[in-house]
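# Architecture at a glance
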Amino acid sequence: MSTRTLVSPLALARPRGRAVYWTVFGGVVLLFALAFLFPVYWMVTGAMKSPDEVTRTPPTLLPEHWHLGGYTDAWDLMDLPTHLWNTVVQATGAWVLQLVLCTAAAYALSRLKPAFGKVILGGILATLMVPVQALVVPKYLTVADLPVLHTSLLNSPLGIWLPAVANAFNLYLLKRFFDQIPRDVLEAAEIDGAGKLRTLWSIVLPMSRPVLGVVSIFALVAVWQDFLWPLMVFSDTDKQPISVALVQLSQNIQLTVLIAAMVIASIPMVVMFLVFQRHIIAGISAGSTKG
């Protein structure tokens with residue numbers, strides 16, 4: 001069965017048709033690449049300009065004099081190593097706990113079929129309809145005075161880790177993937193004597209690498225770029241993540257130094273995307289077919 005496209009195969013078979021097609025295609029790709037990459041270029045080069053040049057109108061496309069001191073000043077004056085480490089600790093803890101608990105809950109709802117499983121899943125999905133801003137005050141009161149234990153999690157990474165675990169979207173994403181795992185594979189594992197936990201560890205998780213990669217990206221990015229919740233949890237400046245520290249320390253900092261700090265803060269996320277882009281694409285396409 002032939003596939004319909006915007007350009008017919010007959011037109012592509014002609015030299016002129018191929019030339020027009022690849023010219024238009026290349027132009028569109030180039031425009032999209034410029035639209036996404038130009039802001040990054042503007043931010044990177046903006047940190048290398050002088051304070052007067054970066055606010056000049058009209059702006060300069062290239063720095064008149066390349067100043068690399070903005071990056072070293074940002075690293076030292078804004079104490080970026082401390083705040084980057086705080087962010088790494090908070091993001092890593094939230095990622096690990098979310099991956100473990102959301103995977104366990106999704107596997108239980110998908111394969112163990114607990115009593116009232118559909119009701120529980122419906123309640124979890126209902127939380128997606130509640131605005132995030134409406135949950136800020138209840139979350140803060142809970143973290144400030146943890147029920148039963150009556151202890152405060154403020155100025156502690158646990159104040160970031162525990163609320164991040166309750167992620168209904170990632171849980172549902174994992175459950176939908178587990179639902180599509182062929183039942184014959186799981187039955188074969190049961191015949192070989194594997195229990196539920198062994199099946200999860202040896203069969204389900206290796207098959208779920210694409211979706212686990214996507215969930216990992218979502219979990220890490222959510223914590224890395226969050227601002228309001230870390231601002232409420234961490235009143236101690238030395239324990240604040242990079243997203244909060246950039247705002248708190250930007251009062252008496254030159255604009256070029258602040259831009260350099262934002263460039264440095266964005267590097268880990270860019271590197272993570274480049275490393276795991278194959279898993280992201282595989283995870284997006286993982287649910288397109290069943291079986």
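What counts and how
- Residues numbered from 1 in each chain as written.
- Predicted model: local features only at pLDDT ≥ 70, side-chain atom pairs only at ≥ 80, totals over all residues.
- Heavy atoms only, no water.
- Helix = DSSP H or I, 4+ residues; strand = E, 2+ residues; numbered from the N terminus.
- Expected span 1.5 Å × (residues − 1).
- Buried < 20%, exposed > 50% of the residue type's maximum accessible area, 1.4 Å probe, protein only.
- Arc of directions from axis to C-beta.
- Polar contact = N/O pair within 3.5 Å; in protein donor to acceptor, adjacent residues only side chain to side chain.
- Contact = heavy atoms within 4.5 Å.
- 1 Å grid on protein atoms, 1.4 Å probe; cavity = no way out; pocket = protein on both sides within 12 Å on 5 of 7 lines; lining within 4 Å.
- Points joined across faces, edges and corners; volume = space filled by probe spheres on them.
- Salt bridge = Lys/Arg side-chain N within 4 Å of Asp/Glu carboxyl O.
- Phe/Tyr/Trp six-rings, centres within 6.5 Å; stacked < 30°, edge-to-face > 60°.
- Bend = angle between axes of the 7 residues up to and from the residue.
- Axes fitted to C-alpha atoms, helices over the stretch in contact; angles between N-to-C directions.
- Parallel < 35°, antiparallel > 145°, perpendicular 65-115°, else oblique.
- Left-handed = near helix turned anticlockwise from the far one by under 90°.
- Nonpolar A, V, L, I, M, F, W, Y, C, P; charged D, E, K, R; others polar.
- pLDDT = per-residue confidence, 0-100.

### A word on helix α11 (residues 196–207)
Taking 1.5 Å as the rise per residue, α11 with twelve residues should run 16 Å; its terminal C-alpha atoms sit 15 Å apart, in good agreement. Residues Thr 199, Leu 200, Val 204 and Leu 205 constitute the buried set of α11. The arc that holds the buried residues of α11, viewed along the axis, is 145°, so those residues lie on one side. Among the exposed residues of α11, those oriented more than 90 degrees off its buried face are Arg 198 and Trp 201.

### Observations concerning the side chain of Gln 90
Here Gln 90 is to be found in helix α5 (residues 80–112). A distance of 3.3 Å separates the side chain of Gln 90 from the backbone oxygen of Lys 239, its partner in a polar contact. With near-sequence residues (within four places) excluded, Gln 90 lies in contact with Ile 160, Trp 161, Val 223, Phe 234, Lys 239 and Pro 241.

### Here we look at the layout of surface pockets
Within this model, the largest pocket holds a volume of roughly 870 Å³. Lining the largest pocket are 29 residues, and of these Val 132, Lys 139, Pro 163, Ala 166 and Asn 167 lie nearest its centre. Taken together, the elements giving at least two residues each to the lining of the largest pocket come down to α5, α7 (136–144), α8 (158–165), α9 (168–179), α12 (209–225) and α13 (228–233). It is α12 that provides the largest number of residues to the lining of the largest pocket, a total of five residues. Counted as a void, the second largest pocket has a volume near 390 Å³. Together, 19 residues line the second largest pocket, and Trp 95, Leu 99, Leu 212, Gly 213 and Ser 216 are the ones closest to its centre. Secondary structure elements with two or more residues in the lining of the second largest pocket: α5, α11, α12 and α15 (255–286).

### Remarks on the pattern of salt bridges
Counting across every chain of the model gives three salt bridges. Its salt-bridge partner being Lys 196, residue Glu 190 comes within 3.4 Å of it at the nearest N-O pair. Assessed through its relative accessible area of 44%, Glu 190 is described here as partly exposed.

### What to know about the environment of Lys 175
With respect to the helices and strands, Lys 175 occurs in helix α9. On the basis of relative accessible area, Lys 175 is assigned to the buried category, the value being 13%. When near neighbours in sequence (up to four residues on either side) are disregarded, Lys 175 contacts Ala 106, Leu 109, Ser 110 and Leu 121.

### Topic: the packing of aromatic side chains
If you walk through the whole model with that rule in mind, you get seven aromatic pairs. Ring geometry for Tyr 107 versus Phe 178: centroids 6.3 Å apart, planes at 85°, classification edge-to-face. Of the two residues, Tyr 107 sits in helix α5 while Phe 178 sits in helix α9, which places them 71 residues apart along the sequence. For the pair formed by Tyr 107 and Phe 178, the shared burial category is buried. Three or more aromatic residues joined by ring pairs make a cluster, and in this case those are Tyr 21, Trp 22 and Phe 25.

### Observations regarding helix α2 (residues 15–46)
Compared with an ideal rise of 1.5 Å per residue, which puts 32 residues at 46 Å, α2 spans 44 Å between its outermost C-alpha atoms and is within 8% of the ideal. Maximum bend of α2: about 35°, positioned at Leu 37, with proline Pro 39 one to four residues after it.

### A short note on the packing of helix α10 (residues 183–191) against α11
Here α10 crosses α11 at 140°, and the two axes come no closer than 10 Å. In this view, α10 runs oblique relative to α11, as classed from their interaxial angle. For the element pair α10 and α11, the recorded crossing hand is right-handed. Side by side, α10 and α11 meet where Val 185, Leu 186, Ala 189 and Glu 190 of the first sit next to Lys 196, Thr 199, Ile 203, Val 204 and Met 207 of the second. Looking at the contact of α10 with α11, its residues break down into six nonpolar, one polar and two charged.

### A short note on the confidence of the model for the protein chain
Here the protein chain averages 85 in pLDDT, while 92% of its residues score no lower than 70. A low-confidence stretch, residues 287–291 (pLDDT under 50), is modelled with five contacts involving residues beyond four sequence positions or located in other chains.

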